[in-house]
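One-letter residues, chain by chain:
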Amino acid sequence: MNNSTPDLVTPQKSNSSNGSDSNGSKVMNSPAGKRDIEAEDLGHEKEHSDVPQLNNSKASYISVCLSCFMVAFGGFIFGWDTGTISGFVNMQDFLQRFGSINSEGNYYLSKVRTGLIVSIFNIGCAIGGIVLAKLSDVYGRRRGLVIVTVIYVVGIIIQIASIDKWYQYFIGRIISGLGVGGITVMSPMLISEVSPKEMRGAMVSCYQLMVTLGIFLGYCTNYGTKTYTNSVQWRVPLGLCFAWAIFMICGMSFVPESPRFLVEVGKLDEARRSLASTNKVSVDSSFVQHELDLIEASVEETKAAGSASWSELVTGKPAMLKRTLMGIMIQSLQQLTGDNYFFYYGTTVFQAVGMQDSFQTSIVFGVVNFACTGLSLYTVDKFGRRNCLLWGCIGMICCYVVYASVGVTRLWPEGSGHSDISSSGAGNCMIVFACFYIFCFATTWAPIAYVLISETFPLRVKSKAMSVATASNWIWGFLISFFTPFITGAIHFSYGYVFMGCMVFAYFYVFFFVNETKGLTLEEVNDMYAEGVLAWKSSRWVPADRRQQDYNADELMHDDAPFYKRMFGSN
């Protein structure tokens, strides 16, 4: 057991009789002994009610929610880029400036150049996430976010100043990607460290909600500027990035700094104020003192071990290799859910039912995506991380079976060589299941991948572990975005079966390797891993200071049940 809670009463079931047990039995036989035990029990109850519990209503956390939304606005910046670039590559002025001319005299972007312009952003993000995440440990989460936002603005300036050299725009995409990569690590990190544990899942999910809002408004802006015949088509949406960056930078002045970072740099009074502010209690509250003691113990333990190295992501304790691999796998599998497959093929399917404008189809999917992500603010803390991921896999597998099968066998009755002859009935069916897929993805894997990595790693290696995990997301995003046009050109809708297989794997991976972290402080999550709790029993784990006498910790570390009983039992 990790020693980050040294001063707390930890009533815990013992699996063997000892002297204290027998002495306690003897005391219980006398009236005086009974009074002593009753007084001791009342003392435990008082400690549990005064220290770790709060009676605040969720309405009292409005200011905290607003602060988290300001931090989560970093997701809007990323979403805006995603939503606008997908339209830029179809705009005539953009094609004339950065494309080539075919034999018929029409401007176009080759698949390779399109893939590079769109996807290189992901490579920049992967590098930025790893390299720039260190800023949050040196300058703090808030200042770190301001710095990476400025780097993002530099990239936007290079892009918007591009005249007719596609490689200049390409370089600007890389630099802006560096900034967004840093934002992607620091935003969920700061939110997870300042939000109350009861609302942490919903607050971190706000990051993904802002991503979808940015995508949707980016689509709408493209739709509004597409009728222009000059660079207004793409320079206006790109220029609005300055407004979003200014809002992000100004918003940081209203957000409390991470109490964990403040304790780490010795600013205990500021850390106390930050905890009091985020939990809506007085600075002198026993709850604040309790939380501060836990954080101090964790920080002292970290400092005693010296500075963290990258190798600790593999060799560190407790269970850092398992946690590092879990972060990488969850972020990779979020991309391998194949959401880009639906968005890429959305235009093709909508054309089958008579909607020819690709900008309109983007808006339809954007609305569904944003609305469904809003629901995740409820589901993530209501049903827990594991349940949402598992049921999300099941829902998306069902969608792939129908969507891909109908696309392969029914959408083009005369075969893929005659795509101009399509079945509107098959198209309508596919649109319904595409929207259902977006619902399953947006309420589960889209936000929870960020929630999990923001609350899984200890403070000592948190920035490093989160940067590696998000880098895997960006790398897979690059690979899928770049190669999807080539793959779909070869196997068409059968591509969906590939992602369906990934979701089958994801279900088993989540069941056996992903622990439930709902309702736990970041220090308690570390303690759970230290105890070696099995993933499918982790939802029943209770922190040491809240355990009852009949709690059996050993039961959660072993399971002799057959494979099928584990799968269909409680998780």
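See the structure above.
Residues numbered from 1 in each chain as written. Predicted model: local features only at pLDDT ≥ 70, side-chain atom pairs only at ≥ 80, totals over all residues. Heavy atoms only, no water.

Caption draft 1: Summary view of the nonpolar core. Core analysis: the largest hydrophobic core is formed by 121 residues, its most contacted members being Phe 94, Leu 145, Tyr 169, Ile 330, Tyr 341 and Trp 445. With 12 residues, the single largest contributor to this core is helix H3 (residues 62-88). The residue makeup of this core includes at least three contributed by each of domain 1 (57-255) and domain 3 (307-570). Core analysis: the second largest hydrophobic core is formed by 12 residues, Met 189, Phe 457, Met 466 and Ala 469 among them. (Core = buried A, V, L, I, M, F, W, Y, C linked by side-chain atoms within 4.5 Å. Buried < 20%, exposed > 50% of the residue type's maximum accessible area, 1.4 Å probe, protein only. Helix = DSSP H or I, 4+ residues; strand = E, 2+ residues; numbered from the N terminus. Domains from an automatic or database assignment.)

Caption draft 2: How the structure looks around the packing of helix H15 (residues 320-336) against helix H20 (residues 445-456). Relative orientation of the contacting elements H15 and H20 amounts to 165 degrees, with a least axis distance of 9 Å. Comparing the axis directions of H15 and H20 gives the class roughly antiparallel. Considering only the axes of H15 and H20, their crossing is left-handed. Contact residues: Arg 323, Met 326, Gly 327, Ile 330, Gln 331, Leu 333 and Gln 334 in H15; Trp 445, Ala 446, Ala 449, Tyr 450, Leu 452, Ile 453 and Thr 456 in H20. (Axes fitted to C-alpha atoms, helices over the stretch in contact; angles between N-to-C directions. Parallel < 35°, antiparallel > 145°, perpendicular 65-115°, else oblique. Left-handed = near helix turned anticlockwise from the far one by under 90°. Contact = heavy atoms within 4.5 Å.)

Caption draft 3: Local environment of the environment of Tyr 403. Relative to the elements of secondary structure, Tyr 403 occurs in helix H18 (residues 385-409). A relative accessible area of 1% means that Tyr 403 is categorised as buried. For the pair Tyr 403 and Gly 427, spaced 24 residues apart in the sequence, the C-alpha separation amounts to 9.5 Å.

Caption draft 4: Layout of the packing of H18 against helix H19 (residues 424-442). It is the contact of H18 with H19, at a shortest axis distance of 9 Å, that shows an interaxial angle of 160 degrees. Taken together, the axes of H18 and H19 lie roughly antiparallel to each other. For the crossing formed where H18 meets H19, the hand is left-handed. Of the residues in H19, those touching H18 at Gly 392, Gly 395, Met 396, Cys 399, Tyr 400, Val 402, Tyr 403, Val 406 and Gly 407 are Ala 426, Cys 429, Met 430, Phe 433, Ala 434, Phe 436, Tyr 437, Cys 440 and Phe 441. The residue makeup of the contact of H18 with H19, split by class, is 15 nonpolar, three polar and no charged. (Nonpolar A, V, L, I, M, F, W, Y, C, P; charged D, E, K, R; others polar.)

Caption draft 5: The arrangement of the pattern of salt bridges in detail. One pass over the structure, following the stated rule, counts 13 salt bridges. Here Asp 81 makes a salt bridge to Arg 173, at a shortest N to O gap of 2.6 Å. Placement of Asp 81 in helix H3 and of Arg 173 in helix H8 (residues 166-194) is noted, with a sequence separation of 92 residues between them. Overall, the relative accessible area of 1% leaves Arg 173 in the buried class. Here the residues in one salt-bridge network are Asp 137, Arg 141, Glu 193 and Lys 462, joined through shared partners. (Salt bridge = Lys/Arg side-chain N within 4 Å of Asp/Glu carboxyl O.)

Caption draft 6: View of the packing of aromatic side chains. This model, assessed by the stated rule, comprises 34 aromatic pairs. Ring centres 6.4 Å apart and planes at 5 degrees place the aromatic pair Phe 78 and Phe 121 in the stacked group. A residue pair is termed long-range when its members are at least 10 positions apart, and Phe 78 in helix H3 and Phe 121 in helix H5 (residues 111-132) qualify at 43 residues. Its relative accessible area of 14% is what places Phe 78 among the buried residues. Phe 121 gets classed as buried once you look at its relative accessible area, which sits at 2%. Taking the centre distance of 6.4 Å and the plane angle of 85 degrees together, the rings of Phe 121 and Trp 474 count as edge-to-face. Here Trp 474 lies in helix H21 (residues 462-491) and Phe 121 lies in helix H5, a separation of 353 residues in the sequence. (Phe/Tyr/Trp six-rings, centres within 6.5 Å; stacked < 30°, edge-to-face > 60°.)

Caption draft 7: Examining the side chain of Thr 517 more closely. Here Thr 517 lies in the loop between helix H22 (495-513) and helix H23 (522-530). Judged by relative accessible area, which is 0%, Thr 517 ranks as buried. Here the side chain of Thr 517 touches Glu 455 through a polar contact of 2.4 Å, side chain to side chain. If near-sequence neighbours (up to four positions away) are discounted, Thr 517 is found in contact with Arg 200, Arg 385, Leu 452, Glu 455, Val 525 and Met 528. (Polar contact = N/O pair within 3.5 Å; in protein donor to acceptor, adjacent residues only side chain to side chain.)

Caption draft 8: Representation of unusual backbone geometry within the structure. Cis peptide bonds are those with omega within 30 degrees of zero, and the linkage from Lys 317 to Pro 318 qualifies with -5 degrees. Examined against the element boundaries, Pro 318 turns out to sit in the loop between helix H14 (312-315) and H15. With a phi angle near 55 degrees, Ala 319 is a residue other than glycine that sits in the positive phi range. Within the fold, Ala 319 resides in the loop between H14 and H15.

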